[in-house]
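A look at the structure
Each chain, letter by letter, is given below.
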Amino acid sequence: MTTAAVPLPNLYGLDREGLIAALTPLGLEAYRAKQVFAQIYRRGVHDPQAWTDMPAAMRQLLSTQSAVEPPRISSFVVALDGTIKYVLELPSGGQVEAVAIPAEDRMTFCISSQVGCAYGCTFCMTAKLGFIRHLSPGEIVGQVDALLAATNTPRGQHNVVFMGMGEPLHNIENVLQAIAILTDDDAFALGPRRITVSTVGLIAGIDRLRAAAVVPRLAVSLVAADQEVRASLMPIARSVTLDDLAAAVRRFGDGKRDVPTFEVVLLDGVNDSPRLAHQLGDLAVRARAKVNLIEFNPTPLLPYLPASEERMNFFLKILKQRGVVGTVRRSRGKDAFAACGQLAFLQKTEGGGAESSLPLRPERSGGTNALS
């Protein structure tokens, strides 16, 4: 009878304490964990044989008794505006999508916290996948690592938004561990203000995030400041009232430099009425939040169309009258199904439409270094 090989312990995704626990049984001193930590995350070197600040015998030991396996880019699609959607193979199995969004003064990585999502928002393609599983800290951090390498972006000179697949606060412990690594000076050295966590409005999670050692920016997917309308689009609203949500957002922002954001995807004839514009202004004032209006990114698989430019401008006018800061997030990467709400392993069909089924992959458009 053949015995299946036992997988080696994966060091990628472990913090210093986790590395100490993994290295001690191999006979390595605790201080070696700091060296391994810096090699894996700050230098992005994943082959122990290349860790030249360690003796050759130690490198050989680590090569044979452990693994360093971050997610690996398997394919990508480049949109006309330069946005790149990546499919990454996960060490523990399965796939996830992440997006690199270039701009003149910065690079933004939109990363995922879960495979699929449990919250069923009707305007989001990821919701159609359902919830598959949480991502580990290494599977989250590794997306950033992979996209840094693929886009030749210097470490610390990018933003990270948890707006990809999944609900970050549903996986909050792993997300917080990932944020701790991303912001560590011996790792990615990313400032907390360069990280934004988006949520459907899990109040316990918002409070947990507020009390964390490293506090990122907060964005709440609101969609509508009317309980009934919101509940028709976001099932979470059946158990979370707008009053409680506004109070949680206000608590989060108290005493902080960064004002929390309400994200509102405007859908034609659904949540773009003048009444809802006034209600949005009222709620934003109560919550002490700013508002980001988002262009809906349509696919043939969802029954919605984007609101008109006229309605978008009307909302901005009402927000300004109420003293609320309002901005518009323009769609990026729509033609590659890389835009907000489209991450669901979508690919174009011959007829120009779209289809999605896990674990469908986008057609390969090139190698793993799209910007080099």
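On inspection of all chains with the given rule, the structure shows 16 salt bridges. The residue Glu 139 makes a salt bridge to Arg 133 at a minimum N-O spacing of 3.0 Å. Of the charged contacts, one joins Arg 217 and Asp 258 as a salt bridge, the two residues approaching to 3.4 Å between their closest N and O atoms. Taken as a pair, Arg 217 in strand 9 (residues 217–221) and Asp 258 in the loop between helix 8 (242–253) and strand 10 (261–266) lie far apart in primary sequence, 41 residues in all. Its relative accessible area of 29% is what places Arg 217 among the partly exposed residues. A single network of salt bridges, built from pairs that share partners, joins Arg 16, Arg 42, Asp 184 and Asp 186.

Where helix 9 (residues 274–287) contacts helix 10 (residues 309–321), the axes come no closer than 9 Å and their chain directions differ by 35 degrees. Classified by chirality, the crossing of helix 10 by helix 9 is right-handed. Between helix 9, through Pro 274, Leu 276, Ala 277, His 278, Leu 280 and Gly 281, and helix 10, the contact on the second element is made entirely by Arg 311, Phe 314, Phe 315, Ile 318 and Leu 319. Here the residues of the contact of helix 9 with helix 10 are counted per class, giving eight nonpolar, two polar and one charged.

The subject of this paragraph is the packing of helix 4 (residues 137–151) against helix 5 (residues 172–183). Remark: helix 4 packs on helix 5, axes separated minimally by 8 Å, with the N-to-C direction vectors making an angle of 45 degrees. For the element pair helix 4 / helix 5, the angle class is oblique. Where helix 4 crosses over helix 5, the handedness of that crossing is right-handed. Taken together, the residues of helix 5 that come into contact with helix 4 (itself represented by Pro 137, Ile 140, Val 141 and Val 144) are Asn 174, Val 175, Gln 177, Ala 178, Ile 181 and Leu 182. Partitioning the contact of helix 4 with helix 5 into residue classes produces eight nonpolar, two polar and no charged.

Model confidence for the chain is summarised by a mean pLDDT of 88, while 87% of its residues fall at 70 or above. Long-range and interchain partners of residues 335–339, a stretch whose pLDDT sits below 50, account for 27 contacts in this model, where long-range means more than four residues apart.

Let us look at the pairing of strand 3 (residues 95–102). Most of strand 3 is tucked away: six of the eight residues are buried. If you look at the hairpin formed by strand 2 (residues 84–89) and strand 3, you'll find five residues sitting between the two strands, and Gly 93 has a positive phi there, around 105 degrees. The sheet contact formed by strand 3 and strand 4 (residues 107–110) spans four bridges and is antiparallel. In the strand pairing of strand 4, Ala 100 is matched with Phe 109. Remark: four residues form the turn of the hairpin made by strand 3 and strand 4, two consecutive strands paired antiparallel.

Cut-offs applied
Residues numbered from 1 in each chain as written. Predicted model: local features only at pLDDT ≥ 70, side-chain atom pairs only at ≥ 80, totals over all residues. Heavy atoms only, no water. Salt bridge = Lys/Arg side-chain N within 4 Å of Asp/Glu carboxyl O. Helix = DSSP H or I, 4+ residues; strand = E, 2+ residues; numbered from the N terminus. Buried < 20%, exposed > 50% of the residue type's maximum accessible area, 1.4 Å probe, protein only. Axes fitted to C-alpha atoms, helices over the stretch in contact; angles between N-to-C directions. Left-handed = near helix turned anticlockwise from the far one by under 90°. Contact = heavy atoms within 4.5 Å. Nonpolar A, V, L, I, M, F, W, Y, C, P; charged D, E, K, R; others polar. Parallel < 35°, antiparallel > 145°, perpendicular 65-115°, else oblique. pLDDT = per-residue confidence, 0-100. Pairing = 2+ DSSP bridges.

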